[in-house]
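Coordinate inspection notes
The residues making up each chain are set out below.
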Number of protein chains: 2
Amino acid sequence: MSRMIITNTRILDIDPAGQRTDLRTGQDVLISGNRIEAIQPTGTADTSHFDTVIDANDRLLMPGLINCHAHVPMVLWRGLAEDASVERWFNDLMWPLENNLQPEDVYWGMLLGLIEQIESGVTSVADHYFHMTYAAHAVEKIGARALLGYAMFGSQGLPMVEETAAFVRQYQGAANGRIRTIMAPHAPYTCDDDFLRAAAQAAQKIGVGVHIHVSETSQQTIASLRKRGKTPLQVLEQTGILDVPTILAHVCGATPTDIRLMEKYPVGIAHAIKTYLKLGHPTAPLLQFIAANLPIGLASDGVVSNSTLNLWETLRLMALTQKEKAGIGEAMPIAQALAIATHGSARVYGQPDELGAIAPGYLADLILIDLNGTHHQPLYNTPASLVYNMQAPDVRTVIIDGQVIMQDRQLLTIDKAEVFAQVQSRMKRLSFLDPEKRIQTYDN
Amino acid sequence: MSRMIITNTRILDIDPAGQRTDLRTGQDVLISGNRIEAIQPTGTADTSHFDTVIDANDRLLMPGLINCHAHVPMVLWRGLAEDASVERWFNDLMWPLENNLQPEDVYWGMLLGLIEQIESGVTSVADHYFHMTYAAHAVEKIGARALLGYAMFGSQGLPMVEETAAFVRQYQGAANGRIRTIMAPHAPYTCDDDFLRAAAQAAQKIGVGVHIHVSETSQQTIASLRKRGKTPLQVLEQTGILDVPTILAHVCGATPTDIRLMEKYPVGIAHAIKTYLKLGHPTAPLLQFIAANLPIGLASDGVVSNSTLNLWETLRLMALTQKEKAGIGEAMPIAQALAIATHGSARVYGQPDELGAIAPGYLADLILIDLNGTHHQPLYNTPASLVYNMQAPDVRTVIIDGQVIMQDRQLLTIDKAEVFAQVQSRMKRLSFLDPEKRIQTYDN
């Protein structure tokens, strides 16, 4: 098993409860294969015993960030659905644009988005999209970690549950375990009860979880009550979805009753604040979720609503908007925001004992951050700088599963120019817009 | 007069009314001395006639950003007042910390902050701080543009009006006109009516404007009504401040009556949204300000509340929070946000016919932006990328007053390492905290 050592680094220990952080300087991190073996003071290990030595040069080492809800290949349409309401965004823009999608587009879009993620220190992504065998090949190729769900709508009929379940079975544990899979019905508003029940049963049978959009806005909660007599979360409960580990995307429209309901199930909440702001709707009641001990993780959502896949931005916007929502500057303090970015995201992603921390036995998904930029000077407060000052290019080196993927901003596993060229060659076809040819209709 | 040409660039023309943008490719920009002489298609000028030729390599050329309200030297305390209410921020943290300030600290703090600004494409700043002769020397040294106000509190007594007026007289037009000056009483809540009246009279007499904090929160408006029977803006009106061109910082607590009042005077509003969010209070009613045709400009405020001096972040947060406040994704569209970042900021800064646009006769304050990064790909929508995707390091080259200040990320006029070292050597003394020794007390 190959061994790596990262020497002379700083490590920020983040309390999982979000109460405090502690900075340790002068540390070496020893990696054996794809896992962290030990952490010890610099100078105590003989570096000649390692296959790879990375001199961290006093950079800060952090766990790679985890994106808990995305549609990575949607980078293909970046910038094509701006300044729109939710209704117009779905019906006039996104769902007609997706009518142009061909399977191989997913491979190149996934690669482009994974490059953007790696360049900003995101090492894992819970992705929810179409043609996911192509996405899996992209993840395998570039060396990333992913939890892949093959999105499906109720209108596609029950055979689609079987088809996506086949993907889930086939790719579970692929790419040396870097790929995990999950069932991915789109949302209660696009799947009827029978369809959701079938998806839950398939997940139970295979032994995986579910990743689904739910209560994206209060309007959806109101529409669900009107149409079905139940909130979207009650629909998930009654169709058995919540009996398996479930990633709930957004949940901005959760009622107090919904929060008590969620407490009883193995759920995690993916939070994509930039999308909510861009679409002009209020954020989620995160402080109530935290009070109920519900796990929260950072998410980018798709680039067509979020513009980028940069989780530093999600982290910052999350803390800022929760302060404003609470009306007090003390709300969502720095340690709590960082706990969500690390431990919380690992819980939502479903690997809380292997990701989101730097500790022996954890997977070696690590990023080296340069805090010497002017925008961090003078550096009195490292945790504050991580939440409020970070720029994506401060991430210099990225390691996933014990493999160096980006070294001092150079990607080692992919030909970036080829990916750019492939995506650019598809722009004209993919941007054709005929609102009559949408893949679904939004009516909430 | 030295002549410069920037060849093969893209220019985004932004409608001052915020209705549209237009992208022109393949342009050359000719600069004579410190002003733009002409803009013409690439290939039509003989580059051998120019002292300096910058091949823009198809980069986007924009006017330098203008920071309409800052306390740049406060970078000295970056990260030392986090997760605090307004009251605690002033009384327990910032005002005690400022008790440690010595005049020469302002020189080095100003330089550090100007470096951060230049590295993110900010070429002008309306700064409001203490010991401003030191700030002026820093501006002159690095080659930036600034509108400097020497901050004063009513508690310092009327002689302080004379002292700061002397600064205003002395430095008006300094550094070949790059420095302009302005009277800078701190705020209605720290200056009584007589003091404000004296400041207004001094500004009238010298022929300059006033830069002041006002109605930072609704609580301040309520407190002012209780104590003085007038809103903070009515106080400014009745003491004569609004009779001169006035930069109003924040104005989040403006009432509908205040908006009608402002319409009658030569005011501009500086908007520093990240500060408002960090302190947990609601943003300003910008859409009502726009409806009243009040000029709005971007601002960073001080780094101790805002964390950075990055106006791309202000731009993005402004648009996102106005969408959320309005409850519709269509609010504050991209062209409108960009008009505020350029024309609007130039109006607030007081040079609407010389800054904020790329046109013949305008000052040559220009930045070259690289839109080839992964986070802009594929580039369907340049204006959207500027508002929602930009990272400060995408700014590659900065020209101020016809002089190249940063070329492909290398600073040409300053020794950055020396500035860092000077600031770091002051950290211990400057961070000493004794809440009993505050320079003022906040009570609103």
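These remarks concern the structure in this document. Every chain is numbered independently, its residues counted from 1 as its sequence is written. The lettering of chains begins at A and the numbering of ligands begins at 1, in the order of writing. Given that the model is predicted, a residue must reach a pLDDT of at least 70 before its local features are reported, and side-chain atom pairs must reach 80 or more before they are shown or counted; all residues, however, enter totals for whole chains, interfaces and linings. Calculation of side-chain values draws on the structure's entire complement of heavy atoms; hydrogens and water are dropped beforehand.

These two copies of the chain differ by a rotation about an axis and a displacement along the same axis. Each copy superposes on the other: chain A lies on chain B with an RMSD of 0.0 Å after a rotation of 180° and an axial shift of 0.0 Å. Taken together, the rotation angle and the small translation identify this as a two-fold axis. Of every C-alpha in chain A, the one belonging to A:Gln391 sits nearest the axis of rotation, 3.4 Å from it. A share of 100% of interface residues in chain A that are also interface residues in chain B marks the association as one of identical surfaces. Copy-to-copy superposition: least squares on the C-alpha atoms, limited to residues that have pLDDT of at least 70 in both copies. Residue contacts are defined here by distance: any two heavy atoms, one from each residue, within 4.5 Å place the two residues in contact.

Taken together, the 61 residues of chain A in the interface contact 61 residues of chain B. Two parts placed together each lose some accessible area under a 1.4 Å probe, and the buried area is that loss summed for both. For the chain A face of the interface with chain B, the top three residues by lost area are A:Asp83, A:Thr374 and A:Tyr380, together amounting to 17%. Basic side-chain nitrogens of Lys or Arg form a salt bridge, by our definition, when they fall within 4 Å of a carboxyl oxygen of Asp or Glu. Across the chain A-chain B interface, the total number found is 4 salt bridges. The shortest N-O distance in the salt bridge between B:Glu313 and A:Arg316 comes to 2.4 Å. Pairs of N or O atoms are called polar contacts if they sit within 3.5 Å, as long as, within protein, a hydrogen donor faces a hydrogen acceptor (for residues adjacent in sequence, only side-chain-to-side-chain pairs). Between chain A and chain B we count 31 residue pairs in polar contact (both at pLDDT 80 or more) in total. Helix numbers and strand numbers start at the N terminus; a helix is a DSSP run of H or I with at least 4 residues, a strand a run of E with at least 2. Elements that contribute at least two residues to the side of chain A that touches chain B include exactly α2 (103-119), α9 (273-278), α12 (311-326), α14 (382-388), α15 (416-425) and α16 (427-430) of chain A. The dominant element in the side of chain A that touches chain B, judged by the number of residues it contributes, is α12(A), at 6 residues. Under this grouping Gly is polar, as are all residues other than the nonpolar Ala, Val, Leu, Ile, Met, Phe, Trp, Tyr, Cys and Pro and the charged Asp, Glu, Lys and Arg. When the residues that make up the side of chain A that touches chain B are grouped by side-chain class, the tally is 27 nonpolar, 21 polar and 13 charged.

Moving on to the packing of aromatic side chains. Pairing of aromatic rings covers Phe, Tyr and Trp, the last counted by its six-membered ring, and requires centre-to-centre distances within 6.5 Å; plane angles under 30 degrees mean stacked, over 60 mean edge-to-face, and any other angle means tilted. Applying the stated rule across the entire model yields 22 aromatic pairs over all chains. Consider the rings of A:Phe90 and A:Trp95, whose centres lie 4.2 Å apart with planes at 35°: the pair is tilted. In terms of burial, A:Phe90 and A:Trp95 fall into one category: buried. Residues A:Phe90 and A:Tyr189 carry aromatic rings whose centres are separated by 6.5 Å and whose planes lie at 70° to one another, so their mutual orientation is edge-to-face. In this pair, A:Phe90 sits in helix α1 (residues 86-98) while A:Tyr189 sits in the loop between β9 (179-185) and α5 (193-206), placing the two residues 99 residues apart along the sequence. Burial classes: relative accessible area under 20% of the type maximum marks a residue as buried, over 50% as exposed, and values in between as partly exposed (1.4 Å probe, protein chains only). Of the residues examined, A:Phe90 reaches a relative accessible area of 8% and is grouped as buried. Judged by relative accessible area, which is 21%, A:Tyr189 ranks as partly exposed. Joined through ring pairs, the aromatic side chains of A:Trp89, A:Phe90, A:Trp95, A:Tyr129, A:Phe130, A:Phe153, A:Tyr189 and A:Tyr442 make up one cluster. Above the ring of A:Tyr349, the side-chain terminus of A:Arg180 is found at 5.6 Å from the ring centroid. Here the basic side chain of A:Lys278 rests over the ring of B:Tyr388, its NZ or CZ set 4.2 Å away from the ring centre. Criterion for a charge above a ring: Lys NZ or Arg CZ within 6 Å of the ring centre, and within 35 degrees of the ring normal.

Our next topic: the pairing of strand β14 (residues 366-369) of chain B. All names here are of chain B. Neither face of β14 is exposed, since Leu-366 and Leu-368 on one face and Ile-367 and Ile-369 on the opposite face are all buried. Alignment of strand β5 (residues 60-63) against β14, held across 4 bridges, turns out to be antiparallel. Bridging across to β14, Met-62 finds its partner in Ile-367. Two elements, β14 and strand β15 (residues 395-400), share 4 bridges in a ladder whose sense is antiparallel. If you follow Leu-368 over to β15, its bridge partner there is Thr-397. Each pair of strands is called paired provided DSSP finds at least two bridges between the two strands.

The next thing to look at is the side chain of A:Thr374. Along the chain, A:Thr374 falls in the loop between β14 (366-369) and α14. Setting aside anything within four residues of it in sequence, one finds A:Thr374 in contact with B:Arg78, B:Leu112, B:Ile115, B:Glu116, B:Glu119, B:Lys416 and B:Phe420.

Another aspect to go through is the pattern of salt bridges. Residue and element names in this part refer to chain A. Counted by the stated rule, this structure contains 45 salt bridges over all chains. Note that Asp-408 is salt-bridged to Arg-59, the shortest N-O span being 3.7 Å. Separated by 349 residues along the polypeptide, Asp-408 in the loop between β16 (403-407) and β17 (410-411) and Arg-59 in the loop between β4 (52-55) and β5 (60-63) bring together distant segments of the chain. Taking relative accessible area as the criterion, Arg-59 reaches 19% and is therefore assigned buried. Two residues, Asp-401 and Arg-145, come together in a salt bridge whose shortest N-O distance is 2.8 Å. With Asp-401 in the loop between β15 (395-400) and β16 and Arg-145 in strand β8 (residues 145-152), this residue pair connects regions lying 256 residues apart in the sequence. The pair Asp-401 / Arg-145 is uniform in exposure class, with both members buried. Through salt bridges with shared partners, one network takes in Arg-59, Asp-370, Arg-396 and Asp-408.

Nine residue types can take part in a nonpolar core, namely buried Ala, Val, Leu, Ile, Met, Phe, Trp, Tyr and Cys, and a core is a set of them joined through side-chain atoms within 4.5 Å. Formed by 292 residues in total, the largest nonpolar core has its most connected members in A:Met262, A:Phe289, B:Met262 and B:Phe289. Formed by 18 residues, the second largest nonpolar core is a distinct cluster that contains B:Val29, B:Ile54, B:Ala364 and B:Leu366.

For the bond from A:Gln377 to A:Pro378, the omega torsion is -10°, close enough to zero to count as cis. With respect to the helices and strands, the residue A:Pro378 is situated in the loop between β14 and α14. Backbone geometry at A:Met332 places phi at a positive 45°, although glycine is not the residue there. A positive phi angle is found at B:Asp401, which is not glycine, with a value near 55°.

Let us now look at the packing of α2(A) against α15(A). Residues and elements named next belong to chain A. Simply put, an axis is a line fit to the C-alpha atoms, just over the touching stretch for a helix, and the angle between two N-to-C directions goes from 0 to 180 degrees. At a minimum axis separation of 9 Å, α2 and α15 run at an interaxial angle of 135°. When the axis of α2 is compared with that of α15, the two are oblique. Once α2 is placed against α15, the crossing between them reads as left-handed. Within the contact between the two elements, α2 uses Trp-108, Leu-111, Leu-112, Ile-115 and Glu-119 and α15 uses Lys-416, Glu-418, Val-419, Phe-420, Gln-422 and Val-423. For the contact of α2 with α15, the class distribution of residues is 7 nonpolar, 1 polar and 3 charged. The cut-offs work like this: below 35 degrees is roughly parallel, past 145 is roughly antiparallel, 65 to 115 is roughly perpendicular, and the gaps in between are oblique. Less than a right angle of anticlockwise turn of the near helix away from the far helix marks a crossing as left-handed, whereas a clockwise turn marks it as right-handed.

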